[in-house]
Amino acid sequence: MKFLSAILVATAVAFGALTIGFTAPGQAQDAAAAWKARTDAMKGSGGAAARINKAEDAKATVEDAKTIQANVAKLGGLFPAGSITPESRAKPEIWTNMDDFKAKIAAVQKEADTLVATAEKGDLAATKAQVPVVIAACNVCHSAYRGPAKQ
Ligand code: HEC
């Protein structure tokens, strides 16, 4: 009986160690996934903005404008607490100033909505003119909450 309970204790300890062992990598994986999702969304917006700049007819800009709008709408959910990875340029201040961070997302959203509305009206010149306005709003957040490039 003594032997059996020793095994049970050993098993419980091993299981506990396993559970603890799993927690940290799980969080690291969530952080890595969040980092990838947000950088993909941001790069997607940058690419779409560049295509609008080169577009030759207004119709071709609608989809890219909507891509930016959809990517910006996702941002609020892509910065879970603690999601700083080694590659991440996110500043820790994001999580101590979350209301301000979200206000900066909302400001870009407003400009992206205008971009979509302008593209849908078919006014190519006005759509192109709205791109730097959107990017300026993106950069307001970058100046506050994105650190210097890594490497
Ligand atoms: C509310 C803040 C915020 C807004 C709004 C925002 N960004 Fe970002 N952006 C960040 C942060 C923070 C990072 C760094 C994320 C990281 O590395 O974890 C980043 C990273 C990037 C990157 C680099 C991706 C990479 O490869 O590392 C690009 C490109 C980018 N943003 C473009 C944009 C564009 C275009 C917009 C507007 C349509 C935009 N961002 C809006 C905060 C923001």
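Right, let's walk through the structure included here. Remember, predicted model here, so these are calculated numbers, not experimental data.

On to the overall build of the protein chain. Helix and strand counts for the protein chain stand at five helices and zero strands. Residues counted as buried form 29% of the 151 residues belonging to the protein chain. Within the protein chain, counting contacts between residues at least 6 apart in sequence, those at least 24 apart form 71% of the total. Carbon and sulfur atoms make up 65% of the accessible area of the protein chain, which totals about 9300 Å².

Every protein donor of the iron atom of the ligand is listed here as M42 (SD) and H142 (NE2), and their distances to the metal cover 2.1 to 2.2 Å. Coordination geometry of the iron atom of the ligand: the six donor atoms subtend angles of 88 to 180° at the metal centre, consistent with an arrangement described as octahedral. Taken as a pair, M42 in helix α1 (residues 2-54) and H142 in helix α5 (residues 124-145) lie far apart in primary sequence, 100 residues in all.

Running from N to C, helix α4 (residues 98-121) and α5 point in directions that differ by 170°, and their axes come no closer than 9 Å. By the angle between their directions, the pair α4 and α5 is classed as roughly antiparallel. Packed against α4, whose contacting residues are D100, F101, K104, A107, V108, E111, A112, T114, L115, T118 and A119, the element α5 presents A126, T127, Q130, V131, V133, V134, A137, C138, V140, C141, A144 and Y145 at the interface.

What follows deals with the environment of A106. Looking at where A106 falls in the secondary structure, it is placed in helix α4. Accessibility expressed as a relative area gives 39% for A106, which makes it partly exposed.

Residues in close proximity to the ligand total 22 residues, the closest being M42, S88, C138, C141 and H142. Between an oxygen atom of the ligand and a side-chain N or O atom of R38, the distance comes to 2.9 Å. The side chain of H142 places a nitrogen or oxygen atom 2.8 Å from a nitrogen atom of the ligand. Its atoms largely coinciding with the cavity grid, the ligand occupies the largest pocket.

Bringing the layout of surface pockets into the picture now. One simple way to see leftover space: roll a probe sized like a water molecule over the atoms. Of the voids in this model, the largest pocket is the one considered here, and its volume is about 700 Å³. In this structure, the largest pocket is lined by 33 residues; those nearest its centre are R38, T39, M42, H142 and R146. Every element with two or more residues in the lining of the largest pocket is listed here: α1, α2 (59-75), α4 and α5. Considering each element in turn, the lining of the largest pocket owes the most residues, eleven residues, to α1. Residues of the lining of the largest pocket, tallied by class, amount to 18 nonpolar, seven polar and eight charged.

Conventions and cut-offs
Residues numbered from 1 in each chain as written. Predicted model: local features only at pLDDT ≥ 70, side-chain atom pairs only at ≥ 80, totals over all residues. Heavy atoms only, no water. Helix = DSSP H or I, 4+ residues; strand = E, 2+ residues; numbered from the N terminus. Buried < 20%, exposed > 50% of the residue type's maximum accessible area, 1.4 Å probe, protein only. Contact = heavy atoms within 4.5 Å. Areas by Shrake-Rupley, 256 points an atom, 1.4 Å probe, with all protein chains shown as cover. Donors = N, O, S within 2.8 Å, 3.2 Å for Na, K, Ca; no water. Tetrahedral: all angles 85-135°; square planar, octahedral: opposite > 155°, others 65-115°. Axes fitted to C-alpha atoms, helices over the stretch in contact; angles between N-to-C directions. Parallel < 35°, antiparallel > 145°, perpendicular 65-115°, else oblique. Near = heavy atom within 4 Å. Polar contact = N/O pair within 3.5 Å; in protein donor to acceptor, adjacent residues only side chain to side chain. 1 Å grid on protein atoms, 1.4 Å probe; cavity = no way out; pocket = protein on both sides within 12 Å on 5 of 7 lines; lining within 4 Å. Sits in = over half its atoms within 2 Å of the grid points. Points joined across faces, edges and corners; volume = space filled by probe spheres on them. Nonpolar A, V, L, I, M, F, W, Y, C, P; charged D, E, K, R; others polar.

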